[in-house]
Structure formats: structure tokens, C-alpha cells
Amino acid sequence: MPVFLKTEDEIALMRRAGDLVGQTLGELSHHIRPGVTTRQLDTIAETFIRDHGATPSFKHYPNPKGAPFPASICTSVNDTIVHGIPSDDDVLHEGDIISIDCGACLDGFHGDSCYTFAVGEVSDATHQLLTTTLQALHKGISVAVAGGHLSDIGHAIQHCCEPKGYSIVRELTGHGIGRQMHEAPLVPNYGAQGQGIMLKEGMCIAIDPMIVEGQRYISILPDYWTVRTRDGRRAAHYEHTIAIRRGQPEVLTTFDYIAPTQQC
């Protein structure tokens, strides 16, 4: 599968899509509280995205079995790592965490980002999981520069998390992004430095560390979407869409709109 290099005009369009995703996560951050259902959050997100002239990237996206995703955001609570399906029965409780993965397509280009929110007050251990995973995202982004190698990203993420006792999910990765939500290359969150393809200016990728408290092993539910930790321990997930540049990457999505109370 080819890796597409984006022009400056295309990156400008992706920047707009990424900013809208950031705004959507920011809007959702004001609604994260005990008693809210994940279906309510999905309705808020879809309305916000469509009101701003875009379409939700995830809605109707097919999984490997061909089943379309039935919602506009992924709402992954506690031990759900990714692809949690919003539901009227899924009610947030004090002390929960929820990873909200959001994508929007605007003027033909996609933005993709994820943020893990605390529901009310969380334990010190949970807070440490969130801050470490967010730090890992920034570590991965910092080495994603032209002239480096793809594996440098995963190496930085892995060596931020594993020394602190956390595990890296191996089966799920970041990805290229542009006119399609998922493009080449796959971007693992682990690995040795200096391996894989060379990063080139104009590549656009989504970096998204998925970090778990316990063992890295996963279970996929019968809906063939929801991915959980096999041991029931909690997972955190943060993601940014970036453009590869020389010297310093450009982050195309943003957490600047997240409510201050939710900032790690």
C-alpha cells in the first residue's frame, strides 16, 4: 500500500479538519460527568461535527468483517481500549475514565484524535496512567521528523511507558491519514530505533499510544468492534494527527479546547 505525501494545500485542509476534531473533543469535555450516557455524548459529537459542515469519519466505517460502526465517536470506558460503541445503557460513574476517539472529514480530508477523560475524581493510580500515556504521545511526536525512521516513534512511546510498569498494546497501531481515514503506514507503539520506512516531509500520520495498567493481551467482543484488556485492568488512549516536517513535526489536531478541569 503506497504512502501518500501531502502538498501544502492538502496539509492546510487537514489542519482545518484536525482543528474541528479538537473543537469537538473540547465540546465533549464539558459534558463528561457521572450520569451521562455514552449515547448522549455521541449525539453531541455528531451534531457538532455536522453543524460545522463536516461528516463523522467513523460512522458506517466497516470493520474487517464488513460490519459498519454504528456511531460517530468511539467511547471506551475503563478496561475498553478502543472502539467502544456508544449506548443508552452505558452510563458514566464517578471514578471512571473514558477514551473518546473522534474523526471528522472536512473538504475531503480527515482529522483523527483521541483524549482520555476522567469522570469526576479518579484514583492517583489512574491519574498516573493518564499522564504517562499523554507523555508517551508527546514523546512519540517529538521524534517524528523527516530523516528519522518509523520505528523511532514506537521506541519513544515504549520506553516512556514500560519502565513505569505499563504495557503496550501490540495488535493496535497508529496509521497514515489523509483523504482516507486509514492509510499507510501502520505506526506501531513499540520497537527498536532506526527501523522501518524513512519519514519524509509531507507524510501525515496519526500517532496513538494505547497503554494498559496490566498485561498487554486483548479480547475482542462478539460485535467485532469493542477491544478490551483481557485481565480487566484499565487502559488509556491519546492520539494526535501530525504532518512530518524537517526539524519539528506539525501537530494538526489540538487539545487546546479541552476544559481546564480535564487537562492532565
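None of these values were measured; they are calculated from a predicted model. (Residues numbered from 1 in each chain as written. Predicted model: local features only at pLDDT ≥ 70, side-chain atom pairs only at ≥ 80, totals over all residues. Heavy atoms only, no water.)

Novice: Where do I start with the overall build of the protein chain in this structure?
Specialist: Within the protein chain, the secondary structure is distributed over four helices and 15 strands. What you see for the protein chain is a C-alpha radius of gyration of 17 Å, in line with the 18 Å of a compact globule of 264 residues. Expressed along its principal axes, the backbone C-alpha trace of the protein chain runs to roughly 45 × 45 × 40 Å. Buried residues in the protein chain amount to 56% of all 264 residues. For the protein chain, the share of sequence-separated contacts (at least 6 apart) that also reach a separation of at least 24 residues comes to 72%. (Helix = DSSP H or I, 4+ residues; strand = E, 2+ residues; numbered from the N terminus. Rg over C-alpha atoms; globule rule 2.2 N^0.38 Å. Buried < 20%, exposed > 50% of the residue type's maximum accessible area, 1.4 Å probe, protein only. Contact = heavy atoms within 4.5 Å.)

Novice: Got a minute to help me understand the environment of Thr254 in this structure?
Specialist: Of note, Thr254 is situated in the segment after strand S15 (250–251). Its relative accessible area of 14% is what places Thr254 among the buried residues. Separated by 141 residues in the primary sequence, Thr254 and Ser113 place their C-alpha atoms 8.1 Å from one another. When residues no more than four places from it in sequence are discounted, the contact partners of Thr254 are Gly18, Asp19, Gly22 and His240. Side-chain polar atoms of Thr254 contact the backbone nitrogen of Asp256, separated by 2.9 Å. (Polar contact = N/O pair within 3.5 Å; in protein donor to acceptor, adjacent residues only side chain to side chain.)

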